[in-house]
Amino acid sequence: MSLSHPVTFASGGAKLDRATHLRGATKRLLRDKQARLLPLSEGRVLMEQGDGWHRLAWVPTTPDTLKLTREAPIFLGLFEDTPVFAADFSSIAPERLERSFIAGAKLHDLRSVAGEISAGEASVAATAKGVLGWHATHLFCARCGAESRPEEGGWRRRCVECDGLHFPRIDPVVIMLVTHGERVLLGRQEAWADRVFSLLAGFMEPGESIEDAVRRETREEAGIEIGRVRYLACQPWPFPSSLMLACAAEALSTEITIDTQELEDATWVNKSDLPDILAGKHQQFAAPRVSAIARIVLSAWAMGEIPDFD
Ligand SMILES: [Zn+2]
């Protein structure tokens, strides 16, 4: 099924042609006068901004620019037919980066501005953040510990000693709309802002199906048994490297037993309370952030877009 509200970071990806056949031609494409590069630093993205809008701050791929990057830029692909790259400028001071290219451009946390950039740019920025974040934490070979170097436009690393190849990692996370009739199971973690409750979620483990992971995580975190599970939608979530797999899950039991290591609280919430919660008008509960798939799924369920199990 598809949700009527676009999923942040997942929609608009069609505008980026990853052009994998060109990854070996990165050096030539970097010299293309049309080529543009998106600067990132410590996971934040350089953006231009105005009243209620942000847009990615693309800069030319000149030698002066390239000498400031920590490693060779990543070839993201062709965006509206232009070769586009992303590069990590974490080795220079953030203030210097902000001053270097476009007047007024600032580094931003992608989650906080996701609602103010276009779907296509959000998707491109999420790709850049995900792959650059992987490079920053995988400088050495996991097999032998020697240095590794990027190749194929930054889509893999090769060990200089043992020739081992390493690829960007993605960590799948199941996130569940657990329902029992007209009620949905929501939980909160201690670190979250006051009153925020969200869908339960957890990392998948090797050897697990998506359905198995939904059942295990719901049982572990809240003591609820799950019957049928249905896939809904997914969201790349590069904070740092998750892929959120949203599912509808049918609760077979209702008595909550919380795993206090994972959750501070969990409760059943009536569907009729969701409009107020989503509008920020509820006394007891607040919704997850606008860009999160949890909120998009909760909104869709509240509006009757997600069919019941019976
Ligand atoms: Zn090695």
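What you are looking at is a predicted structure, and each value in this text was computed from that prediction instead of being measured.

**Student:** Talk me through the coordination of the zinc ion; I want residue IDs and the actual numbers.
**Tutor:** At this site the zinc ion is bound by Cys141 (SG), Cys144 (SG), Cys159 (SG) and Cys162 (SG), with donor distances of 2.3 to 2.4 Å. In this structure, the zinc ion is coordinated by four donor atoms arranged in tetrahedral fashion, with angles at the metal of 99 to 118 degrees. Donor residues for the zinc ion, ordered by position in the chain, follow C-x2-C-x14-C-x2-C. Of this pair, Cys141 sits in the loop between α5 (119-137) and β9 (148-151) while Cys162 sits in the loop between β10 (156-159) and β11 (165-166), placing them 21 residues apart in sequence. For Cys141, a relative accessible area of 4% translates into the label buried. Among the residues examined, Cys162 registers a relative accessible area of 28% and is labelled partly exposed.

**Student:** Tell me about the domain arrangement of the chain, and name the residues and values.
**Tutor:** Segmentation of the chain into domains returns domain 1 (13-137), domain 2 (138-168) and domain 3 (171-302). Computed from C-alpha coordinates alone, the two centres of domain 1 and domain 2 are separated by 22 Å. At the junction of the two partners, domain 1 supplies 14 residues and domain 2 supplies 12 residues. For the pair domain 1 and domain 2, the summed buried area comes to about 1200 Å², and 60% of that belongs to carbon and sulfur atoms. Arg157 is the partner of Glu71 in a salt bridge, and the nearest nitrogen-oxygen pair spans 3.0 Å. Along the contact surface separating domain 1 from domain 2 lie 10 residue pairs in polar contact (both at pLDDT 80 or more). Elements represented by at least two residues in the side of domain 1 that touches domain 2 include exactly β6 (74-79) and α5.

**Student:** If you had to explain the pairing of strand β14 (residues 200-203) to someone new, which residues and values would you point to?
**Tutor:** With burial as the criterion, only one face of β14 is covered, namely that bearing Leu200 and Gly202; the residues Ala201 and Phe203 on the opposite face remain uncovered. Summarising the sheet, strand β12 (residues 171-180) and β14 pair through four bridges and their orientation is antiparallel. Across the sheet, the residue bridging to Ile175 is Ala201, located in β14.

**Student:** Please give an account of the side chain of His108 that cites residues and values.
**Tutor:** On the secondary structure map, His108 appears in strand β8 (residues 106-108). On the basis of relative accessibility, which here comes to 16%, the residue His108 falls in the buried class.

**Student:** Run through the sheet that holds β9, naming residues and quoting values.
**Tutor:** What the three strands build is an open sheet, ordered β9-β10-β11; its pairing is antiparallel. With one partner strand each, in any of the chains shown, β9 and β11 form the two edges of the open sheet. Examined bridge by bridge, β10 and β11 share two bridges and lie antiparallel to one another. Within β11, the position partnered with Arg157 by the bridge is His166. Here α5 sits on the sheet in contact with β9, β10 and β11, set at roughly 15 degrees to β10.

**Student:** Account for the state of the cysteines, naming residues and giving values.
**Tutor:** Following the criterion strictly, the structure yields zero disulfides and no others. Cys234 takes part in no disulfide bond, and the closest cysteine sulfur, belonging to Cys247, lies 10 Å away. Under the relative-accessibility criterion, Cys234 is labelled partly exposed at 29%.

The rules we used
- Residues numbered from 1 in each chain as written.
- Predicted model: local features only at pLDDT ≥ 70, side-chain atom pairs only at ≥ 80, totals over all residues.
- Heavy atoms only, no water.
- Donors = N, O, S within 2.8 Å, 3.2 Å for Na, K, Ca; no water.
- Tetrahedral: all angles 85-135°; square planar, octahedral: opposite > 155°, others 65-115°.
- Helix = DSSP H or I, 4+ residues; strand = E, 2+ residues; numbered from the N terminus.
- Buried < 20%, exposed > 50% of the residue type's maximum accessible area, 1.4 Å probe, protein only.
- Domains from an automatic or database assignment.
- Contact = heavy atoms within 4.5 Å.
- Buried area = accessible area lost by both parts, 1.4 Å probe.
- Salt bridge = Lys/Arg side-chain N within 4 Å of Asp/Glu carboxyl O.
- Polar contact = N/O pair within 3.5 Å; in protein donor to acceptor, adjacent residues only side chain to side chain.
- Pairing = 2+ DSSP bridges.
- Axes fitted to C-alpha atoms, helices over the stretch in contact; angles between N-to-C directions.
- Disulfide = S-S within 2.5 Å.

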